[in-house]
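# Results of the structural survey
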Amino acid sequence: MIEKINGLRRRIEEFVPTTASEVEELRIAVLGKNGEINALMEEFRTVAPEMKREVGQALNAVKTLATERIAELKESCGENSKTPSPSAADLTRPGTNDALGSRHPVSVVMGEVCDIFARLGYTIADGPEIEDDWHVFTALNFPPEHPARDMQDTFFIEKNPDILLRTHTSSIQARAMQTQKPPIRVICPGRVFRNEAISARSHCMFHQVEGLYVDKNVSFADLKQSVLYFAKEFFGERAAIRLRPSYFPFTEPSAEVDVSCQLCGGAGCNVCKHTGWLEIMGCGMVDPAVLDACGIDSREYSGFAFGMGIERTAMLKYGIRDIRLLFENDVRFLQQFESA
Ligand code: DAH
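Residues numbered from 1 in each chain as written. Predicted model: local features only at pLDDT ≥ 70, side-chain atom pairs only at ≥ 80, totals over all residues. Heavy atoms only, no water.

## Re the overall build of the protein chain
In terms of regular secondary structure, the protein chain is built from 12 helices and 10 strands. Expected size for 340 residues packed as a compact globule is a radius of gyration near 20 Å; at 35 Å, the protein chain overshoots this value by more than 25%. With the C-alpha coordinates of the protein chain rotated into their principal frame, the extents come out at 95 × 60 × 40 Å. Within the protein chain, buried positions represent 42% of all 340 residues. Looking at the protein chain alone, contacts between residues at least 24 apart form 67% of all its contacts between residues at least 6 apart. Of the roughly 19100 Å² that the protein chain leaves accessible, carbon and sulfur atoms contribute 51%. (Helix = DSSP H or I, 4+ residues; strand = E, 2+ residues; numbered from the N terminus. Rg over C-alpha atoms; globule rule 2.2 N^0.38 Å. Buried < 20%, exposed > 50% of the residue type's maximum accessible area, 1.4 Å probe, protein only. Contact = heavy atoms within 4.5 Å. Areas by Shrake-Rupley, 256 points an atom, 1.4 Å probe, with all protein chains shown as cover.)

## Notes on the pattern of salt bridges
With the rule as written, the count across this model stands at 18 salt bridges. Arg27 is the partner of Glu24 in a salt bridge, and the nearest nitrogen-oxygen pair spans 3.0 Å. Highlighted residues: Glu24 and Arg27, both in helix H2 (residues 20-31), separated by three residues, approximately one helical turn. Judged by its relative accessible area of 28%, Arg27 is partly exposed. Its salt-bridge partner being Arg244, residue Glu279 comes within 3.9 Å of it at the nearest N-O pair. Within this pair, whereas Glu279 is found in strand S9 (residues 277-286), its partner Arg244 is found in strand S7 (residues 241-248), the two being separated by 35 residues in sequence. Since its relative accessible area comes to 28%, Arg244 is described here as partly exposed. A single network of salt bridges, built from pairs that share partners, joins Arg242, Arg244, Asp258 and Glu279. (Salt bridge = Lys/Arg side-chain N within 4 Å of Asp/Glu carboxyl O.)

## What to know about the environment of Gly266
Relative to the assigned elements, Gly266 resides in the loop between strand S8 (251-260) and S9. Looking at Gly266, the relative accessible area reads 34%, which means it is partly exposed. Taking the C-alpha atoms as reference points, Gly266 and Glu237, 29 residues apart in sequence, are found 14 Å from one another. Not counting residues up to four positions away in its chain, the partners in contact with Gly266 are Cys261 and Gly276.

## Notes on the packing of aromatic side chains
Under the criterion given, the structure shown has 13 aromatic pairs. Put simply, the rings of Phe117, Tyr122, Tyr213, Phe230, Phe234, Phe235, Phe304 and Phe306 touch in pairs and so form one group of aromatic residues. Directly above the aromatic system of Phe44 lies the positively charged group of Lys52, at a separation of 5.3 Å from the ring centroid. Positioned above the aromatic ring of Phe156, the side-chain terminus of Lys159 is 4.0 Å from the ring centre. (Phe/Tyr/Trp six-rings, centres within 6.5 Å; stacked < 30°, edge-to-face > 60°. Lys NZ or Arg CZ within 6 Å of the ring centre and 35° of its normal.)

## Here we look at the layout of surface pockets
The volume enclosed by the largest pocket comes to roughly 1300 Å³. Around the largest pocket, the lining comprises 47 residues; the ones closest to its centre are Arg201, Glu279, Ile280, Gly309 and Arg312. Residue assignment for the lining of the largest pocket shows that the elements contributing at least two residues are strand S6 (205-215), S7, S8, S9, strand S10 (302-309) and helix H10 (310-318). Broken down by element, the residue count for the lining of the largest pocket peaks at eight residues, all from S9. Across the lining of the largest pocket, the residue classes tally to 20 nonpolar, 14 polar and 13 charged. (1 Å grid on protein atoms, 1.4 Å probe; cavity = no way out; pocket = protein on both sides within 12 Å on 5 of 7 lines; lining within 4 Å. Points joined across faces, edges and corners; volume = space filled by probe spheres on them. Nonpolar A, V, L, I, M, F, W, Y, C, P; charged D, E, K, R; others polar.)

## So, helix H5 (residues 105-118)
Counted at 1.5 Å a residue, the expected span for H5 with its 14 residues is 20 Å, and the 20 Å between its end C-alpha atoms agrees. Residues of H5 that are buried include every one of Pro105, Val106, Val108, Val109, Met110, Val113, Cys114, Ile116 and Phe117, and no others. (Expected span 1.5 Å × (residues − 1).)

## Here's the deal with the sheet that holds strand S3 (residues 156-158)
If you walk across this open sheet you meet the three strands as S2-S4-S3, and the pairing is antiparallel. Single-partner strands in this sheet number two, and they are strand S2 (130-132) and S3. Averaged over all pairs of adjacent strands, the angle between strand axes in this sheet comes to 35°, irrespective of strand direction. Where S3 and strand S4 (residues 163-165) come together, two bridges link them in antiparallel fashion. When the sheet's bridge partners are listed, Phe156 is paired in S4 with Leu164. (Pairing = 2+ DSSP bridges. Axes fitted to C-alpha atoms, helices over the stretch in contact; angles between N-to-C directions.)

Here it is as structure tokens:
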């Protein structure tokens, strides 16, 4: 039987047709209902059990060869009866819409924020999401038992030494100061994690952008002007800002920045809770203790830092009322950002 199979194989390999109908004749003779392959399949039943494996494999191989070779020959002989000629296409048929992907609003906003600061000469800095205690807390002036550590509920991975998911991208400013020499101008986008219940207003994972500027004679006026420039670029020329005194362990003095509500123009509405103002970021002058901890001489240099939540900023810009929408990936929601 093996010989028969080999004979068939040779005939298929050596077959040179001149017309499409010759190919069709071969197909019927080999692969047709009463063709040679089916006859061999029938004969296969009678093969001795110890030969079944070898013969079965040879038979399958010749069947595959025949199928492929005949398809190939049909193609080269110009016969492809399944494809209608171009004139048979129905030109009145409605077209199909290919859904285009779009960038996620979080990426859109993150890119915009980075672009605005890039125009002021900032470069992008990166850092790990799994961090050590030193970069997230200690270097940033959070003493071991300081209650400020409770401001941010932390996911710990290991204890002693503490390894954790960073709770803010301020950890990257510590890394930037350790590795760069002033003048330092960095913008640090990234994901952060906090052990918080998920609700319309908060999530256990979100994104922040951190900014840091360290040089000689950097003043609070520089900080204010940079933030104002950002607000006008991002929210529009009519945006105004106001600074409220605040507290962060790593900045002194510290402030929270509000931007005039773009939805009501400052007159007061639901979104700004009738105050006319929306909180957009925290900022301040880098505490000299932080500069020194990261290897920068605080007698020679000063700096400012700021940090903002990307989801929050996206929600303000697009009027999104539930942060969870930004993580569910419902295409009906995401499609609305196709042109963004
Ligand atoms: N890291 C702060 C937070 O997660 C945000 C922040 C506030 C960053 C003030 C700063 C800053 O750089 O100066 O809430």
